Amino acid sequence: MVNIKRIGVFTSGGDAPGMNACIRAVVRTALYEKLSVTGIYQGYQGMLDGNFTEMTSRSVSNIIQLGGTILKTARCLEFKTKEGRAKAYENIKSAGIDALVAIGGDGTFTGAEYFSREYDIPVIGIPGTIDNDLYGSDFTLGYDTATNTVIEAIDKIRDTAASHERLFFIEVMGRDSGCIALNAGIAGGAEAILLPEKETAIDELIDHLSAADGRGKKSSSIVIVAEGDHNGGAYNVAKKVKEKFDYYDTKVSILGHLQRGGSPSSFDRVLASRLGFAAVKELLKGNNRITVGVRGNEVVTTPLEEAINNKEYKLSPDMLELVQVLAI
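Residues numbered from 1 in each chain as written. Predicted model: local features only at pLDDT ≥ 70, side-chain atom pairs only at ≥ 80, totals over all residues. Heavy atoms only, no water.

Draft legend 1. Focus on the side chain of Arg6. Following the sequence through the fold, Arg6 ends up in strand β1 (residues 6-11). Here Glu54 takes part through its side chain, which lies 2.8 Å from a polar atom of the side chain of Arg6. Apart from the residues lying within four places of it in its own chain, the contact partners of Arg6 are Ser36, Val37, Thr38, Glu54, Ala95, Gly96, Ile97, Asp98 and Ala99. (Helix = DSSP H or I, 4+ residues; strand = E, 2+ residues; numbered from the N terminus. Polar contact = N/O pair within 3.5 Å; in protein donor to acceptor, adjacent residues only side chain to side chain. Contact = heavy atoms within 4.5 Å.)

Draft legend 2. Broad picture of the pattern of salt bridges. Throughout the structure, instances matching the rule amount to 10 salt bridges. Taking the shortest distance from any N to any O, the salt bridge between Glu118 and Arg85 comes out at 2.7 Å. Of this pair, Glu118 sits in helix α4 (residues 106-119) while Arg85 sits in helix α3 (residues 82-94), placing them 33 residues apart in sequence. Residue classification places Arg85 among the buried residues on the basis of a relative accessible area of 9%. Between Glu152 and Lys156 there is a salt bridge; the shortest N-O distance is 3.3 Å. (Salt bridge = Lys/Arg side-chain N within 4 Å of Asp/Glu carboxyl O. Buried < 20%, exposed > 50% of the residue type's maximum accessible area, 1.4 Å probe, protein only.)

Draft legend 3. Expanded view of helix α1 (residues 19-32). In this model α1 runs 20 Å from its N-terminal to its C-terminal C-alpha over 14 residues, within 8% of the 20 Å that 1.5 Å per residue would give. Burial analysis of α1 places 10 of its 14 residues in the buried class, the great majority of the element. Listed in full, the buried residues belonging to α1 are Met19, Asn20, Ala21, Cys22, Ile23, Ala25, Val26, Val27, Thr29 and Ala30. On its buried face, α1 sits against β1, β2 (36-40), β3 (52-55), β4 (99-104), β5 (123-127) and α9 (266-284). At the C-terminal side of α1, Lys34 shows a positive phi close to 70 degrees. (Expected span 1.5 Å × (residues − 1).)

Draft legend 4. The arrangement of the packing of aromatic side chains in detail. For the coordinates displayed, the defined rule picks out 11 aromatic pairs. Taking 4.0 Å as the distance between ring centres and 20 degrees as the angle between the ring planes, the aromatic pair formed by Tyr44 and Phe79 counts as stacked. Here Phe79 lies in the loop between β3 and α3 and Tyr44 lies in helix α2 (residues 43-49), a separation of 35 residues in the sequence. Here the two residues Tyr44 and Phe79 agree in accessibility, since each one is buried. Taken together, a centroid distance of 5.2 Å and an interplanar angle of 80 degrees make the contact between Phe245 and Tyr248 edge-to-face. Judged by its relative accessible area of 6%, Phe245 is buried. The class of Tyr248 is buried, set by a relative accessible area of 1%. (Phe/Tyr/Trp six-rings, centres within 6.5 Å; stacked < 30°, edge-to-face > 60°.)

Draft legend 5. Quick look at the packing of α1 against α9. In the contact formed by α1 and α9, the axes pass within 7 Å of each other and the chain directions differ by 35 degrees. For the crossing formed where α1 meets α9, the hand is right-handed. Residues Ala21, Cys22, Ala25, Val26, Thr29 and Ala30 of α1 lie in contact with α9, whose contacting residues are Arg269, Ala272, Ser273, Gly276, Phe277 and Val280. The class makeup of the residues in the contact of α1 with α9 is eight nonpolar, three polar and one charged. (Axes fitted to C-alpha atoms, helices over the stretch in contact; angles between N-to-C directions. Left-handed = near helix turned anticlockwise from the far one by under 90°. Nonpolar A, V, L, I, M, F, W, Y, C, P; charged D, E, K, R; others polar.)

Draft legend 6. Geometry of the sheet that holds β5. Taken together, seven strands build an open sheet; the order of strands is β3-β2-β1-β4-β5-β10-β11 and the sheet is mixed. Of all the strands in the sheet, the pair left with one neighbour each is β3 and β11 (298-303). Neighbour to neighbour, the strand axes of the sheet diverge by 30 degrees on average, direction disregarded. Relative to β4, β1 is paired through five bridges, and the arrangement is parallel. (Pairing = 2+ DSSP bridges.)

Draft legend 7. Region of interest: the nonpolar core. Counting 60 residues, the largest nonpolar core has Val101, Ile103, Ile126, Ile170, Ile222 and Ile224 as its most contacted members. Among all residues touching Ile224, those that are not within four sequence positions of it are Ile154, Ile170, Val172, Ala181, Gly185, Ala190, Ala192, Ile193 and Leu194. Listed in part, the 20 residues of the second largest apolar core include Phe10, Ile40, Ala112 and Ile308. (Core = buried A, V, L, I, M, F, W, Y, C linked by side-chain atoms within 4.5 Å.)

Draft legend 8. Representation of the environment of Val101 in the model. Structurally, Val101 is set in strand β4. Expressed as a C-alpha distance, the spacing of Val101 and Asn288, which sit 187 residues apart in the sequence, is 10 Å. Other than its neighbours up to four places away in sequence, Val101 contacts Ile7, Gly8, Val9, Phe10, Val26, Ile124, Ile126, Ala279 and Leu283.

Draft legend 9. Region of interest: the sheet that holds strand β9 (residues 249-254). The strand order across the open sheet built from four strands is β7-β8-β6-β9, with neighbouring strands paired in parallel fashion. In this open sheet, the two edge strands, each paired with only one partner strand, are β7 (192-194) and β9. Adjacent strand axes in the sheet meet at a mean angle of 20 degrees when their direction is disregarded. Pairing of strand β6 (residues 166-172) with strand β8 (residues 221-226) involves six bridges; the strand directions are parallel. Across the sheet, Ile170 pairs through a bridge with Ile224, a residue of β8. Sitting on the sheet, helix α5 (residues 143-164) is in contact with β6, β8 and β9, with an inclination near 165 degrees to β6.

Draft legend 10. Molecular detail of the environment of Gly232. By the element assignment, Gly232 lies in the loop between β8 and α8 (234-244). The spatial distance from the C-alpha of Gly232 to the C-alpha of Pro303 is 35 Å, given a sequence separation of 71 residues.

Structure, rendered in structure tokens:
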């Protein structure tokens with residue numbers, strides 16, 4: 001077991017609401033345990049550039065309510081090379097950092113796994129991504145906030161959809177995961193939801209809309225499309241539907257990066273605090289190359305390699321059926 005005196009904390013990949021709350025928990029838990037903390041700006045790029053800062057309790061004051069990440073984030077292709085990781089390690093050791101807490105998604109975890117194995121530096125991963133698609137945790141930081149942001153947008157769009165009797169196709173984030181689309185679609189009363197995990201043919205969607213039209217649901221129809229849907233996105237779906245239903249007044253709204261921003265929800269703030277606290281505790285136990293997450297409201301750990309390589313994360317069949325049942 002490494003004698004840990006200083007922890008380095010960083011955020012990497014796409015930003016997610018709750019990252020700041022997590023940084024705060026890591027810093028204050030470490031300080032409570034008489035450890036020093038170094039903040040690493042811009043993730044792996046910051047390691048290569050030696051872009052470090054001493055973190056105190058006051059460094060993380062008044063940030064729990066902020067979206068984004070005070071430590072910033074950046075892409076770093078150089079870290080994917082052996083030479084880049086060697087340079088990062090030299091900077092880490094020069095700064096006296098004995099262990100790392102990595103907050104991010106799949107790419108962040110992959111970089112941490114390589115780095116830790118090559119240089120035997122302890123690392124704990126905390127899942128921070130709005131997509132909620134990492135194995136080892138029921139929820140990831142930012143997912144709850146992003147979903148609520150989408151629901152708020154759906155509610156507002158439905159107002160104008162109902163007023164003009166329009167069919168709206170709303171595209172949400174989710175290149176490989178339909179979690180946001182599915183949950184926001186159910187909560188927002190969508191007539192149909194198109195997901196990356198389930199191929200929905202345009203003919204099937206048209207049949208569904210025809211049936212809904214026959215039941216008098218022509219006005220204020222909402223279709224949620226995850227960006228990774230196999231039909232090529234909301235504009236493409238809308239175009240194909242318009243060709244079949246020329247009497248529909250179709251509109252497309254792509255929510256884009258507004259889903260990443262905003263003040264984190266109460267759920268995300270508590271989750272971030274719990275996981276930041278747990279990450280430091282796991283390091284002090286001598287654990288390494290693991291992620292911390294929640295399952296059934298209990299904090300659990302998962303081997304980092306397993307969290308990266310296990311792609312069995314699937315949407316609940318009951319939730320998929322629920323979409324059809326509630327849309328009648």
